[in-house]
Amino acid sequence: MSFVFCLLCILLLPLATAGLALMHQGLGRSRSAAHTMVASLCVLAVASIVFISFGFCTAGVNGGPAHTFLIAGNPWNLIAAERPFAHGIPFDGTPSALVLCFQFFTVGLAAIIPVSTGSDRWRLGPMCLSTALLAAITFPLFTHWAWCGGWLSQLGVNFGLGAGFLDAGGSSTIQVIGGLTALSLAWILGGRRGKYSDDGFAAAIPGHNIVLVLFGCLLALIGWIALNSAGTMLFYAATPALIPKILLNTVLSASASCLAAVFVTRMRYGKPDASLIANGWIAGLVASSASSAFVSLGSSLFIGFVAGAGVMYLVEFLELKLHIDDPGGAISVHAGAGLWGVSAAGVFSTLPTLSGRGQLLAQIIGIAALLGFMLPLIHGLNLLLNVFVKQRVDSDGDRQGMDVRELGAGAYPEFVVHGDEFLPR
Amino acid sequence: MKLVGVFLLLLGGMIAVTAVALLRQPSEQTYFVLAGVAFEALGLTLLARGYALPPRNAR
């Protein structure tokens, strides 16, 4: 592993976060635009501080101190035992410091995902508290399991299941964890005012700045290439020689996903839908993360195409059938495409050491852990938080918009003040 | 319905992990892990249905 090259990739990682922040802002309403950007910054700040203070104790690094239990004769590495504030991590050019930096940036990426779902109704204070729970408990726990020598990553060594749970770029650890948190919050917060009529019909509330959304997609591409490259080098000991393949696979997956979104929206609505195409682009990036270094270029195209097409239907299903109000489509894009990316890694991985069935089974066990342990944990923690601090803004705030309610001024004060243009009068 | 959903999610996760820990035959492991995921799918469905907004005439 090249220290300098890996560090360079990690330095580019925040571009993915910036891209997502722009997307979330653009896909929300104009009267909550400033709030969404402020929330993104606050969430990043809280996630960084809490992760370094407490989260890293649980996440750890591969080969670091950990609590391991013997069950049925096999070791189960469940949780790391690092010291607070990353004491004991040597900053001397060893990979441990790079792993810490990588986790430090990716926790922000995971934490920013639910901001999109809570747009227009999620208060800033509870948002920061919920982020603290993610950065201190849920993200580090699964990160340890999947990346840092935990039981999922050891499924190959201990149980002969392929190479263990495979997720180089964080399809599960970042995207699915963020997406499941978004799902939990969508349930707790409920829909935006005016989104659903009394009869349960959904009103369309379009994003207010689609140019920013699409610019966010381009920024995210650079960040995602860096994310996939750094993750593969850090956790799978890849050399920089593999980077061109990662780059091509990431872009191919996003491209196929974007075109699938164009095709599906053109077929279903008569014209391509810009916001859904943006979601398709990100879905392709998300799905590529798990195995961009280990699949062929053709497989990447297929993975991206399925992600893009699938997300279009999932967005509609969640909104219309399950009444989940997700303004930016974060649940479908991050949780849905992330789960598909993890599954696809089990089917299409071409590493010679992997046995087909064993690898797929390892991936399915990873998905079972995400849905069976992480989702109840995430939802339980957020429900508990909601008992003490109401996460949703009151009805006045719902009507005024979050900019005026929580920040005291709108994002675009010189422009037209928008009324409740999408609400029944 | 929501509580049952969460319970099924946890149960599914436990079945999948226990299958890996206790079973040695690859086919048995696969069947039990898939059964665990099926439980989780059922739990997720129940949880989502529990949170879905009922139409006015059903409230």
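Calculation rules
- Residues numbered from 1 in each chain as written.
- Chains lettered and ligands numbered in written order.
- Predicted model: local features only at pLDDT ≥ 70, side-chain atom pairs only at ≥ 80, totals over all residues.
- Heavy atoms only, no water.
- Helix = DSSP H or I, 4+ residues; strand = E, 2+ residues; numbered from the N terminus.
- Rg over C-alpha atoms; globule rule 2.2 N^0.38 Å.
- Contact = heavy atoms within 4.5 Å.
- Areas by Shrake-Rupley, 256 points an atom, 1.4 Å probe, with all protein chains shown as cover.
- Lys, Arg positive; Asp, Glu negative; His and termini not counted.
- Charge placed at Lys NZ, Arg CZ, Asp CG, Glu CD.
- Buried area = accessible area lost by both parts, 1.4 Å probe.
- Polar contact = N/O pair within 3.5 Å; in protein donor to acceptor, adjacent residues only side chain to side chain.
- Salt bridge = Lys/Arg side-chain N within 4 Å of Asp/Glu carboxyl O.
- Buried < 20%, exposed > 50% of the residue type's maximum accessible area, 1.4 Å probe, protein only.
- Core = buried A, V, L, I, M, F, W, Y, C linked by side-chain atoms within 4.5 Å.
- 1 Å grid on protein atoms, 1.4 Å probe; cavity = no way out; pocket = protein on both sides within 12 Å on 5 of 7 lines; lining within 4 Å.
- Points joined across faces, edges and corners; volume = space filled by probe spheres on them.
- Nonpolar A, V, L, I, M, F, W, Y, C, P; charged D, E, K, R; others polar.
- Axes fitted to C-alpha atoms, helices over the stretch in contact; angles between N-to-C directions.
- Parallel < 35°, antiparallel > 145°, perpendicular 65-115°, else oblique.
- Left-handed = near helix turned anticlockwise from the far one by under 90°.
- Pairing = 2+ DSSP bridges.
- Expected span 1.5 Å × (residues − 1).

Asker: Could you clarify how one ought to interpret the overall build of chain A in this entry?
Answerer: For chain A, the count of helices and strands is 15 helices and two strands. Its C-alpha atoms give chain A a radius of gyration of 21 Å, within 12% of the compact-globule value 22 Å for 425 residues. On the principal axes, the C-alpha backbone points of chain A span a range of 65 × 45 × 40 Å. Excluding contacts between residues fewer than 6 apart, the proportion of contacts in chain A whose partners are at least 24 apart in sequence is 80%. Put simply, chain A shows about 15,100 Å² of open surface, and 69% of that area lies on carbon and sulfur atoms. Computed over 19 positive and 19 negative side-chain charges, the separation of the two mean positions in chain A equals 4 Å.

Asker: Explain the interface of chain B and chain A to me, please; I cannot follow it from the model alone.
Answerer: In many reports, interface size means the accessible area that the parts give up when they come together. Listed per partner, the contact involves 27 residues of chain B and 27 residues of chain A. Summed over both sides, the interface between chain B and chain A buries roughly 2,400 Å², with carbon and sulfur atoms accounting for 74% of that surface. Joining chain B to chain A, the criterion identifies two residue pairs in polar contact (both at pLDDT 80 or more). When residues of the side of chain B that touches chain A are traced back to their parent elements, those giving at least two are α1 (2–22) and α2 (26–51) of chain B.

Asker: Could you clarify how one ought to interpret the pattern of salt bridges in this entry?
Answerer: Pairs may arise between side chains of opposite charge once their charged atoms sit close together. All names here are of chain A. One pass over the structure, following the stated rule, counts eight salt bridges over all chains. Here R192 ties to D325 by a salt bridge, and the two come within 2.9 Å at their closest N and O atoms. Taken as a pair, R192 in the loop between α7 (171–189) and α8 (210–236) and D325 in the loop between α11 (297–321) and α12 (330–348) lie far apart in primary sequence, 133 residues in all. For the pair R192 and D325, a shared accessibility class is recorded, and that class is buried. R399 is the partner of D396 in a salt bridge, and the nearest nitrogen-oxygen pair spans 3.7 Å. Of this pair, D396 and R399 are both found in helix α14 (residues 395–400), three residues apart, which corresponds to roughly one turn of the helix.

Asker: How should the nonpolar core be read in this particular structure?
Answerer: Within soluble globular proteins, side chains that are nonpolar tend to cluster in buried spots. Grouped together as the largest cluster of nonpolar side chains are 139 residues, with contacts concentrated most on F142 and I282 of chain A. The leading source of residues in this core is helix α13 (residues 356–388) of chain A, at 13 residues.

Asker: Mind showing me how you'd approach empty space enclosed by the protein here?
Answerer: To find leftover empty space, a probe the size of one water molecule is rolled over the atoms. Residue and element names in this part refer to chain A. Tallied over the entire structure, the rule returns four cavities of 30 Å³ or more. A volume near 60 Å³ is recorded for the largest cavity. Along its surface, the largest cavity is lined by L20, M23, H24, L27, S116, N279, I282, G328, G329, A330, V333 and H334. Sorting the residues of the lining of the largest cavity by element identifies α2 (14–27), α10 (274–288) and α12 as the ones contributing at least two each. The residue makeup of the lining of the largest cavity, split by class, is six nonpolar, six polar and no charged. The computed volume of the second largest cavity comes to approximately 50 Å³. Forming the walls of the second largest cavity are S130, L133, L134, T138, T181, I378, L381 and N382. The set of elements that each furnish at least two residues to the lining of the second largest cavity consists of α5 (124–146) and α13.

Asker: Help me out: how do you make sense of the packing of helix α4 (residues 95–117) of chain A against α5 of chain A in this one?
Answerer: Residues and elements named next belong to chain A. Interhelical geometry of α4 versus α5 gives an angle of 130° and a closest axis separation of 10 Å. Accordingly, the angle class assigned to the pair α4 and α5 is oblique. Judged by the twist between their axes, the crossing of α4 over α5 is right-handed. Counting all contacts with α4, which are made through Q103, T106, V107, A110, A111 and V115, the residues of α5 involved are M127, T131, L134, A135, F139 and T143. Among the residues forming the contact of α4 with α5, the class breakdown is eight nonpolar, four polar and no charged.

Asker: Can you help me understand the pairing of strand β1 (residues 66–71) of chain A in this one?
Answerer: Each regular strand displays side chains that alternate between the two surfaces of the sheet. Residues and elements named next belong to chain A. Pairing between β1 and strand β2 (residues 74–80): six bridges, direction antiparallel. Bridging across to β2, F69 finds its partner in W76. Between β1 and β2, which pair antiparallel one after the other, the connecting turn spans two residues, and A72 there sits at a positive phi close to 50°.

Asker: Hey, could you run me through α8 of chain A in this one?
Answerer: Residues separated by three or four positions in an α-helix point in the same direction, a consequence of the helix having 3.6 residues per turn. Residue and element names in this part refer to chain A. The end-to-end C-alpha separation of α8 is 37 Å, in line with the 39 Å expected for 27 residues at 1.5 Å each. The buried count for α8 comes to 19 of 27 residues, which makes it a mostly enclosed element. Its side-chain oxygen placed 3.3 Å from the backbone nitrogen of V211, N209 serves as the N-cap of α8. Positive phi appears at A237, one or two residues downstream of α8, with a value of about 50°.

Asker: Which parts of the structure should I look at to understand the packing of α2 of chain A against α8 of chain A?
Answerer: Packed helices, taken two at a time, are described by the angle between their axes plus the distance between the axes. All names here are of chain A. Running from N to C, α2 and α8 cross one another at 165°; their axes reach a closest spacing of 7 Å. Judged on the interaxial angle alone, α8 and α2 are roughly antiparallel. Seen along the crossing, α2 lies across α8 with a hand that is left-handed. Here α2 contributes L15, A16, A18, G19, L20, L22, M23, Q25, G26 and L27 to the contact with α8, which in turn contributes I210, L212, V213, F215, G216, C217, L219, A220, I222, G223 and W224. Grouping the constituent residues of the contact of α2 with α8 by class yields 16 nonpolar, five polar and no charged.

Fair warning: the whole summary comes from geometry, so function is off the table for now.
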